[in-house]
Structures are given as C-alpha cells and as structure tokens.
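# Observations on the model geometry
Next come the chains, spelled out residue by residue.
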Amino acid sequence: MIMKTTNQLQTLDRGIQALAIIAQQAGGITIADLAARLEIHRAIVYRIVSTLEAHALISRSPEGQIYLGGGLLVLASRFEPQLRSVARPLLQALAGETRATAYVSLAQGEECVVIMVAEPEEGLLRVGYRVGSRHPLTLGAAGIAILASRPERPGDPEAVRQARRDGYSLTRGQLQRGAVGVASAIHAPDRPRTGFEACIGVVAMDDLNTEVAIAAVMSAAGRLAALTQP
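Criteria and thresholds
- Residues numbered from 1 in each chain as written.
- Predicted model: local features only at pLDDT ≥ 70, side-chain atom pairs only at ≥ 80, totals over all residues.
- Heavy atoms only, no water.
- Buried < 20%, exposed > 50% of the residue type's maximum accessible area, 1.4 Å probe, protein only.
- Helix = DSSP H or I, 4+ residues; strand = E, 2+ residues; numbered from the N terminus.
- Arc of directions from axis to C-beta.
- Pairing = 2+ DSSP bridges.
- Axes fitted to C-alpha atoms, helices over the stretch in contact; angles between N-to-C directions.
- Parallel < 35°, antiparallel > 145°, perpendicular 65-115°, else oblique.
- Left-handed = near helix turned anticlockwise from the far one by under 90°.
- Contact = heavy atoms within 4.5 Å.

Glancing now at helix 2 (residues 31–38). Structural remark: α-helix, 3.6 residues per turn; residues separated by three or four positions point the same way. Within helix 2 the residues assigned to the buried category are Ile31, Leu34, Ala35 and Leu38. Seen along its axis, helix 2 keeps its buried residues to an arc of 100 degrees; they face one direction.

Okay, structure coming up:
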C-alpha cells in the first residue's frame, strides 16, 4: 500500500512538471521532447498526457504538438478569489509596516496588472497605484520582479539580472516622478514552477524607507508563496 501511494504521488508530480514545461513552450511540444525534458520513457509520458487531456488541462494538435488546455482557464478563474482571500491580511500588514501602498500584481501577456491594493492608515502622500493599473513588464518594480523570476535569458536587462541576484527589485521614478517601488516575486525557488506569475510590493514617494520595505516585501512574498504554491 505504501508503494502504491508513492507511485501515485510520483505520477502527480510528473503531471505537474509536464504542465510547467508545456506552459513554457509557446509553439507547443512533442511527446518525444516532453519525455526528454522529464527524463522518463515515452510510454509514461503518453499516459500522463492522456490523463491531462481527459481533464482538458492540455490539448493536442493534429500534428501532435501539445499545448495547455482550456480547463486551466476554469481553474485560473477560481484561483484569483482564493489568492485575494489569502493575500488580504498580508497586504494590509505590509502597508502598515512600510507606511506605503502595498499591492499584488499579475503578469498578463507583456503587461503587469494590479489586482489588489492596500493603503496604510496613516495619511501620507500616496502614489496613484490602483486595482486595474497596468504597465509593461519591463518598467516598474513589479514588472521587473516578475521578469527576474523567469529563467535567465541572454538579453535580460541589467535591472532584471540585478533583481534576480537580490531576490527583489527596486525602482525610482519609472512609472511616476518621485515614486519609489520595491517588489518581489511570489515564487518559492525550491518548488516547481506552475506558470503562475505574480509579485507583491510597495510603492511610495521619496520618503520610503527602502531598507524596511525590502525586508518586509521579501518576507511577505515568501509567506504568500508558501500559502499559494504546491
């Protein structure tokens, strides 16, 4: 019985790894290439793919390319409300500790979109960062933090490489004059990537205590990653 449970968990783990690999291939991936990436026999990959396909989590083109399936959209639509519920108290505490506007942002295509905001209770000069605000991933602390969480690429800007080394991004005046932002990706480095790209951060005017903000943001990102990732 113990061996059976272990095998079931191993199959689940491989299925999750397969989804993560497929998510990174915009043009799809073949069974052979997926087997090579997973380092397992093709017959096992066929069984994994068939199971994922039965649940609409992946789809296969007539040419045999494997893509993410529409079933993931259903799961994603249910994930965001759960994320909001889990993140709300963390976000409010972060805003209070840093005395700055705290937020959670998601990557959507080539843009970074704010989905949650918490303001500090003290009446400080605040930055116009609101739910629904969006900007290119290449600008602002939030976008750079998300790019830094991705695998390294030869053309990565220095700001992304620095954020990858530090574990957080720090920007000044990129989206609004006088604004200072700190953000860190919501991702546990020791766990498999799931394709979910988000960050938590704070933004304020020039009076932001960056030392306090960096420590608080990284702590909040780690706690949120532990609560939301497998």
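Let us now look at the sheet that holds strand 3 (residues 101–108). Taken together, 6 strands build an open sheet; the order of strands is 5-4-3-8-7-6 and the sheet is antiparallel. Pairing within the sheet leaves two strands with one partner each, and these edge strands are strand 5 (134–136) and strand 6 (169–172). Strand-to-strand, the axes of this sheet are offset by a mean angle of 30 degrees, without reference to chain direction.

For the pair helix 5 (residues 140–148) and helix 6 (residues 158–166), the least separation of the axes is 8 Å and the interaxial angle reads 70 degrees. Compared by their axis directions, helix 5 and helix 6 come out roughly perpendicular. For the pair helix 5 and helix 6, the sense of crossing is right-handed. Taking contact as the criterion, the partners of Ile144, Leu147 and Ala148 in helix 5 are, on helix 6, Ala159, Val160, Ala163 and Arg164.

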